[in-house]
Amino acid sequence: MKCLAIDDEPLALMQLASYIEKTPGLELAGKCSSAIEALGIIREGGADLIFCDIDMPDMSGIELVRQIGDQCLVVFTTAYPEYAVDGYKVEAVDYLLKPFSLSDLVAAAAKARKRLSEREALSAGMGRQGAWREGKEEGRLSADDYVYVKNDSKMSRVRVGDITLVEGMSEYVHIYVRGEKRPLTTLISMKKLESSLPSETFMRVHRSWIVNLERIESVSRMRITIAGQLVPVSDNYKDHFTEYMESHAIK
């Protein structure tokens, strides 16, 4: 994996780069003293994995990861344990608290390799089976399309219109399907899934929830009852959802 070492402290950057060079399977693609410098390299496809400090001037490591999205994996390196929650919110592979050892970085690299392998296997499997595929207008599926969802060691065939809910769980999602007692758990980002589902049927109502609008049973105080679950509508999505409800209300 091509790696970037990112830290505004010269000594910390030197040590981080040294650890990367000593780790089997990792290739040091560059050393960056700022997130802004790293951003340009990442956008050009110059890294599979970044080891990144969080507290940096001009642009923090958290903001960098928010800008690059799914372009590469990230392991955060920082002296401040209070940043851990923010790190996991942006789906970091690992969080190394300074001072960390070479063995700590090797373990983090192993986690990154595993996640990258899972992504590649999932993409290959879905590509063969046509799941979450592009090829339709705007790359979106229709409610009558069938997709294959990798769940544990098998591929489950699902009609898109039978999906009732999608719940985001870090880098995984739970896909609730009509008639199934348990959700399907698979490795895909909420952003990618949202962009593939038909927008006339599915709506994101919360950072962690996408709902099938045709399966809504009731709405009360910005709480949706659907498939036996109570789903909150967050402030960021409230206006869009309210507009939808008003356009479908009997007046």
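Residues numbered from 1 in each chain as written. Predicted model: local features only at pLDDT ≥ 70, side-chain atom pairs only at ≥ 80, totals over all residues. Heavy atoms only, no water.

**Some thoughts on the packing of helix H2 (residues 35-43) against helix H3 (residues 61-68)**
With their axes 10 Å apart at the nearest point, H2 and H3 run at an angle of 20° to one another. By the criterion of interaxial angle, the relationship of H2 to H3 is roughly parallel. H2 and H3 meet at a crossing whose hand is right-handed. Contact residues: H2 offers Ala 35, Ala 38, Leu 39, Ile 42 and Arg 43, while H3 offers Leu 64, Gln 67 and Ile 68. Grouping the amino acids of the contact of H2 with H3 by side-chain chemistry returns 6 nonpolar, 1 polar and 1 charged. (Axes fitted to C-alpha atoms, helices over the stretch in contact; angles between N-to-C directions. Helix = DSSP H or I, 4+ residues; strand = E, 2+ residues; numbered from the N terminus. Parallel < 35°, antiparallel > 145°, perpendicular 65-115°, else oblique. Left-handed = near helix turned anticlockwise from the far one by under 90°. Contact = heavy atoms within 4.5 Å. Nonpolar A, V, L, I, M, F, W, Y, C, P; charged D, E, K, R; others polar.)

**Remarks on the sheet that holds strand E11 (residues 202-206)**
The 5 strands lie next to each other as E10-E9-E8-E12-E11, forming an open sheet whose pairing is antiparallel. Because the sheet does not close on itself, it has two edges, and the strands there are strand E10 (184-187) and E11. Adjacent strand axes in the sheet meet at a mean angle of 20° when their direction is disregarded. Pairing between strand E9 (residues 172-177) and E10: 4 bridges, direction antiparallel. Within E10, the residue paired with His 174 across the bridge is Thr 185. (Pairing = 2+ DSSP bridges.)

**Things to note about the pattern of salt bridges**
Overall, the coordinates contain 7 salt bridges when judged by the stated rule. For Asp 144, the salt bridge identified is with Arg 159, shortest N-O distance 2.8 Å. Placement of the pair is Asp 144 in the loop between helix H5 (102-129) and strand E6 (146-151) and Arg 159 in strand E7 (residues 154-159), with a sequence separation of 15 residues. Under the relative-accessibility criterion, Asp 144 is labelled exposed at 55%. (Salt bridge = Lys/Arg side-chain N within 4 Å of Asp/Glu carboxyl O. Buried < 20%, exposed > 50% of the residue type's maximum accessible area, 1.4 Å probe, protein only.)

**Comments concerning unusual backbone geometry**
The amide bond that connects Lys 98 to the next residue, Pro 99, takes the cis arrangement and shows omega of -5°. Relative to the helices and strands, Pro 99 is located in the loop between strand E5 (94-97) and H5. Here the phi dihedral of Arg 221 falls at roughly 50°; this positive angle occurs in a residue that is not glycine. Positionally, Arg 221 belongs in the loop between strand E13 (216-219) and strand E14 (223-226). Positive phi values are uncommon outside glycine, yet Met 222 reaches one of about 60°. For Met 222, the location among the structural elements is in the loop between E13 and E14.

**As for the pairing of strand E15 (residues 229-232)**
Within a regular strand, the side chains alternate between the two sheet faces. Of the pairings in the sheet, the one linking E14 to E15 comprises 4 bridges and is antiparallel in character. By the bridge assignment, Thr 225 is partnered in E15 with Leu 230.

**Things to note about the nonpolar core**
Soluble globular proteins tend to pack their nonpolar side chains together in the buried interior. Counting 23 residues, the largest nonpolar core has Leu 4, Ile 6, Ile 42, Ile 50, Cys 52, Leu 64 and Phe 76 as its most contacted members. For this core, the secondary-structure elements that each account for two or more residues are strand E1 (2-6), H2, strand E3 (49-53), H3 and strand E4 (73-78). Setting aside residues no more than four positions away along its own chain, Leu 4 makes contact with Ile 20, Ala 29, Gly 30, Cys 32, Ala 38, Ile 41, Ile 42, Ala 47, Leu 49, Ile 50 and Phe 51. (Core = buried A, V, L, I, M, F, W, Y, C linked by side-chain atoms within 4.5 Å.)

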